[in-house]
Amino acid sequence: MIELRKSPRVTVTWRSGIKMPDGRLIFTRVINISAEGVLLQSPESLIPQRNYPMMIEIPGIVQEAEIYKVSCKGTVRHAILSGDSYNVGMLLSEMSELHAQLVVAWISKTAHLA
């Protein structure tokens, strides 16, 4: 199969949350991440092309017990029902430069180990 993504993705199991338009917070889990986006599992379907405020808990590179709470926005690209949850592909934006560098460092670290 030919890879069509612009950026490599790495498999992770990170906690995340999405703020819904009605103010509720739904807890999600990041399945994989790239420099540009994430695939996450959500208990609810999210609306394609809609922006959602979100938070991702990213472990530190040196000390994985050190958790960074990363605020950003996610634009839904697709939401596909998979069992009892939805796999949601999101394009990330409005992430601080420092946190974007942390994501790139995780991708580099994982690629180095592969």
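Please refer to the structure placed before this passage.
Residues numbered from 1 in each chain as written. Predicted model: local features only at pLDDT ≥ 70, side-chain atom pairs only at ≥ 80, totals over all residues. Heavy atoms only, no water.

Trainee: What should I look at first to understand the overall build of the protein chain in this one?
Mentor: Check the secondary structure of the protein chain and you find one helix and six strands. Over its C-alpha trace the protein chain gives a radius of gyration of 14 Å, about what one expects of a compact globule, namely 13 Å for 114 residues. In terms of overall dimensions, the protein chain has a C-alpha envelope of 40 × 35 × 25 Å along the principal axes. Burial analysis of the protein chain (114 residues in total) assigns 39% to the buried set. Between the centroid of the 12 positive side chains of the protein chain and the centroid of its 10 negative side chains there is a distance of 3 Å. (Helix = DSSP H or I, 4+ residues; strand = E, 2+ residues; numbered from the N terminus. Rg over C-alpha atoms; globule rule 2.2 N^0.38 Å. Buried < 20%, exposed > 50% of the residue type's maximum accessible area, 1.4 Å probe, protein only. Lys, Arg positive; Asp, Glu negative; His and termini not counted. Charge placed at Lys NZ, Arg CZ, Asp CG, Glu CD.)

Trainee: Would you mind showing me how to read the environment of Asn87 here?
Mentor: Mapped onto the elements, Asn87 comes out in strand β6 (residues 85–93). Along the sequence, Asn87 and Lys69 sit 18 residues apart, while their C-alpha atoms lie 22 Å from each other. Not counting residues within four places of it along the chain, the set of residues in contact with Asn87 comprises Ile31, Leu39, Leu40, Gln41, His78, Ala79, Ile80 and Ser82. (Contact = heavy atoms within 4.5 Å.)

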